[in-house]
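These are the residues of each chain, in order.
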Amino acid sequence: MNDGGQRRYGPLGRTLVIIPTYNEAENIKPIVSRVRAAVPDAHILVADDNSPDGTGKLADELAAEDDHVHVLHRKGKEGLGAAYLAGFRWGIEHDYGVLVEMDADGSHQPEELPRLLTALKGADLVLGSRWVPGGRVVNWPKSREFLSRGGSTYSRLLLDVPIRDVTGGFRAFRKETLEGLGLDEVASQGYCFQVDLARRAVAAGYHVVEVPITFVERELGDSKMSRDIVVEALWRVTAWGVGSRAGRLLGRKPSDERP
Ligand SMILES: Nc1nc2c(ncn2[C@@H]2O[C@H](COP(=O)(O)OP(=O)(O)O)[C@@H](O)[C@H]2O)c(=O)[nH]1
Ligand SMILES: [Mg+2]
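Along every chain, residues carry numbers that run from 1 in the direction the sequence is written. Going through the entries in the order they are written, you letter the chains from A and number the ligands from 1. Per-residue local features are limited, in this predicted model, to residues with pLDDT of at least 70; the limit for side-chain atom pairs, both in listing and counting, is 80 or more; totals at the level of whole chains, interfaces and linings are taken over all residues. Derived side-chain values reflect all non-hydrogen atoms in the structure, with water molecules and hydrogen atoms excluded from consideration.

Caption draft 1: Here's a closer look at the confidence of the model for the protein chain. For every residue, the predictor assigns a confidence score, pLDDT, that lies between 0 and 100. Model confidence for the protein chain is summarised by a mean pLDDT of 93, while 95% of its residues fall at 70 or above. Residue contacts are defined here by distance: any two heavy atoms, one from each residue, within 4.5 Å place the two residues in contact. Low pLDDT, under 50, characterises residues 254–259; the stretch is placed with zero contacts to residues that sit more than four places away or in other chains.

Below is the structure:
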């Protein structure tokens, strides 16, 4: 993370809020209307993995009556990461200047989006953060808070990323930032997708800013968090950390040996 102090940032361009969905039938209409009210100029892309509960069809109904709403129908459940990658590609192709990640379940409050977008005027990437001063979580079981804080701390230390909330999923990217992250090589499927993008942004020297948010646990529908997702995150983060440390050690060797 550089300080960004010397940089001049271009205008933001049009905003696309990408909302990945899998079985969010109770949540999709309320969340779309909250986004429309909070950021009326922004467009929304629902990236639905053929939800068995008909979320995709509900999204189609919203799109039919509102030209700011779009739907990307995907063939089946392939994880959050794959849905976002497809959404980013769609957004870049359609020439949006800002791409936002946001959950469908109300945990990320659309009313906080204007603050993220304001911060993006002086940054390459803005992260909504639960774990900076002013950030908080509401109604989260202690076990989830422990997992999230632990995952962030482990990732921060192992990957040397100076970010307090590395796993969060309420984020605003400039298009150019996404284009510089090497998205074609991203293999992460579940929530470690977020860690992967954060570490790539830091490694590429982008100016990353954390903005405090209030994360509210969902009231309707079920979490898709699973043991497999945690296991994937743990092994990938560990492999990245060990790999980059080993690389640095090997990289340093020739100069160490120089007389
Ligand atoms: N398209 C798609 N969306 C997903 C998938 N898994 C989770 N999501 C969505 O990602 C967001 C976050 O998931 P959620 O279950 O709320 O996770 P939690 O907040 O960590 O418990 C929600 O909008 C989900 O519907 C998936 O495999 N495909
Ligand atoms: Mg959630």
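Caption draft 2: Summary view of the nonpolar core. Working definition of a nonpolar core: buried Ala, Val, Leu, Ile, Met, Phe, Trp, Tyr and Cys residues. They are joined through side-chain atoms within 4.5 Å. The cut-offs for exposure are 20% and 50% of the maximum accessible area for each residue type, with area from a 1.4 Å probe on protein chains only; residues under the lower value are buried, those over the upper are exposed, and the others partly exposed. Core analysis: the biggest nonpolar cluster contains 33 residues, and F88, L181, L183 and L197 have the highest contact counts within it. Helical segments are the DSSP runs of H or I of at least four residues, strand segments are the runs of E of at least two, and each set is numbered from the N terminus. Among the secondary structure elements, those contributing two or more residues to this core are β1 (15–21), α3 (80–93), β5 (125–129), α5 (142–159), α7 (192–203) and α8 (227–257). With six residues, α7 is the largest single contributor of residues to this core. Discounting residues that sit within four places of it in the chain, L183 has contacts with L85, F88, L178 and L197. Residues L12, V17, A59 and L62 belong to the second largest nonpolar core, which totals 28 residues.

Caption draft 3: Structural context of the pairing of β5. Within β5, five of the five residues are buried, which leaves the element mostly enclosed by the surrounding structure. By the alternation rule, side chains of β5 split into L125, L127 and S129 and V126 and G128, which are all buried. For two strands to count as paired, DSSP must find a minimum of two bridges between them. Pairing of β5 with strand β7 (residues 171–174) involves three bridges; the strand directions are antiparallel. If you follow L125 over to β7, its bridge partner there is F173. Here five bridges tie β5 to strand β8 (residues 208–212), and the two strands are oriented parallel to one another.

Caption draft 4: Looking closely at the environment of Q109. For Q109, the location among the structural elements is in the loop between β4 (98–101) and α4 (113–120). Residues Q109 and P141, spaced 32 residues apart in sequence, show a C-alpha to C-alpha distance of 19 Å. Setting aside residues no more than four positions away along its own chain, Q109 makes contact with R34, F170, T214 and V216. Pairs of N or O atoms are called polar contacts if they sit within 3.5 Å, as long as, within protein, a hydrogen donor faces a hydrogen acceptor (for residues adjacent in sequence, only side-chain-to-side-chain pairs). Within polar-contact distance, the side chain of Q109 engages the backbone oxygen of T214 at 3.1 Å.

Caption draft 5: View of the site of ligand 1. A cutoff of 4 Å decides nearness: a residue is near a molecule or strand if any of its heavy atoms lies inside that distance of it. Taken together, 18 residues form the shell around ligand 1, and within it E24, D49, K77, S223 and K224 come nearest. Contact between ligand 1 and R218: an oxygen atom at 2.8 Å from a side-chain N or O atom of the residue. Taking K224, its main chain carries an N or O atom lying 2.6 Å from an oxygen atom of ligand 1. Using the Shrake-Rupley algorithm and a 1.4 Å probe, accessible areas are obtained, with residue cover drawn only from the displayed protein chains. Coverage of ligand 1 by the protein chains reaches 97% of its 570 Å² of free accessible surface. When contributions to the shell around ligand 1 are tallied by element, the ones reaching two or more residues are β1 and α3. When residues are sorted by character, Ala, Val, Leu, Ile, Met, Phe, Trp, Tyr, Cys and Pro go into the nonpolar class, Asp, Glu, Lys and Arg into the charged class, and all the rest, Gly among them, into the polar class. Of the residues in the shell around ligand 1, the class split is seven nonpolar, three polar and eight charged.

Caption draft 6: Looking closely at unusual backbone geometry. Positioned with a positive phi, N139 is a non-glycine residue whose angle comes to about 65°. By the secondary structure assignment, N139 is in the loop between β6 (136–138) and α5.

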